[in-house]
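Survey of secondary and tertiary structure
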Amino acid sequence: KVCAKFEALLFGLKALWINVDFTGYPMMLNETMSLTKCLHEGTVSLALEGLPFVHVHNPTINISQAMIKRISSKCPRLKVLKLDGFLIPTDVLNVSFFPSYLTSLVIKGCSLMTKHKHRHRQTFDGFQNTPLYMPLLEKIEIEFPMKHNNYSITMVCLSHFKDLPNLKELKIRGAYLDELFA
């Protein structure tokens, strides 16, 4: 009974869910989805960490469109979003799903996964219309593992982020230099 009452207090107290940071606590998709129930319109900062995706032949998807959309609907005034260590399907990483009030977007240690066999031939347009959907962005930090073939994501980022009126800081790590100067 004590644990149930403590859990009800913990998950019911909105003041605890304003600046939420779960980095250091990697979670599966279902665990992250259950935590999103506690988020609310007053949540301004959210940092999440996905479980490492160690199985090459059967990778674990630990983020979904539904999760991003739920975060956007529950936290319409979210200003800071940090995603660390996620295996992101390319259809999930689309700016139209993210909260529009974001001022800081950090995507670190994540890998993109596509359904297509020839990743280098696929174009990635998930950041298309970033100025339209997230006009308040001041900081963007994207870091992919160096082993990741980011199939021109660097050029896509640069072409779509250049029109952000409030952008003050842009960090893109894990980019291949030959892609930047091709």
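Residues numbered from 1 in each chain as written. Predicted model: local features only at pLDDT ≥ 70, side-chain atom pairs only at ≥ 80, totals over all residues. Heavy atoms only, no water.

So, about the overall build of the protein chain. When helices and strands are counted, the protein chain shows six helices and eight strands. Across the protein chain, helices and strands are ordered from the amino to the carboxyl terminus as α-β-α-β-α-β-β-β-β-α-β-α-β-α. A buried classification covers 41% of the 182 residues belonging to the protein chain. Carbon together with sulfur atoms contributes 57% to the accessible area of the protein chain, which is approximately 10200 Å² in total. (Helix = DSSP H or I, 4+ residues; strand = E, 2+ residues; numbered from the N terminus. Buried < 20%, exposed > 50% of the residue type's maximum accessible area, 1.4 Å probe, protein only. Areas by Shrake-Rupley, 256 points an atom, 1.4 Å probe, with all protein chains shown as cover.)

Note on placement: E49 falls in strand β2 (residues 45-49). No salt bridge forms around the buried E49; measuring N to O, its nearest opposite-charge neighbour K108 is 11 Å away. Those residues in contact with E49 that lie beyond four places of it in its chain are F22, T23, G24, Y25, P26, M27, D84 and F86. (Lys, Arg positive; Asp, Glu negative; His and termini not counted. Salt bridge = Lys/Arg side-chain N within 4 Å of Asp/Glu carboxyl O. Contact = heavy atoms within 4.5 Å.)

The element strand β5 (residues 104-108) is largely enclosed, with a buried count of four among its five residues. The sheet contact formed by strand β3 (residues 80-84) and β5 spans five bridges and is parallel. Bridge assignment links V80 to a residue of β5, and that residue is S104. Across five bridges, the pairing between β5 and strand β7 (residues 139-143) is parallel. Within β7, the position partnered with K108 by the bridge is E143. (Pairing = 2+ DSSP bridges.)

A few words on empty space enclosed by the protein. The final tally for this structure, using the stated rule, is one cavity of 30 Å³ or more. Roughly 40 Å³ of volume is contained in the largest cavity. Surrounding the largest cavity, W17, V20, F22, T32, L35, T36, L39, L46 and L48 form its lining. Looking at side-chain class alone, the lining of the largest cavity contains seven nonpolar, two polar and no charged residues. (1 Å grid on protein atoms, 1.4 Å probe; cavity = no way out; pocket = protein on both sides within 12 Å on 5 of 7 lines; lining within 4 Å. Points joined across faces, edges and corners; volume = space filled by probe spheres on them. Nonpolar A, V, L, I, M, F, W, Y, C, P; charged D, E, K, R; others polar.)

Let's shift gears to the confidence of the model for the protein chain. When pLDDT is averaged across the protein chain, the result is 79; 73% of the residues are at 70 or more. Per-residue pLDDT, averaged within each element of the protein chain, yields its smallest value for helix α6 (residues 177-180) (47) and its largest for β2 (95). Confidence over residues 117-123 falls short of pLDDT 50; this stretch has 10 contacts with residues more than four positions distant or in other chains. (pLDDT = per-residue confidence, 0-100.)

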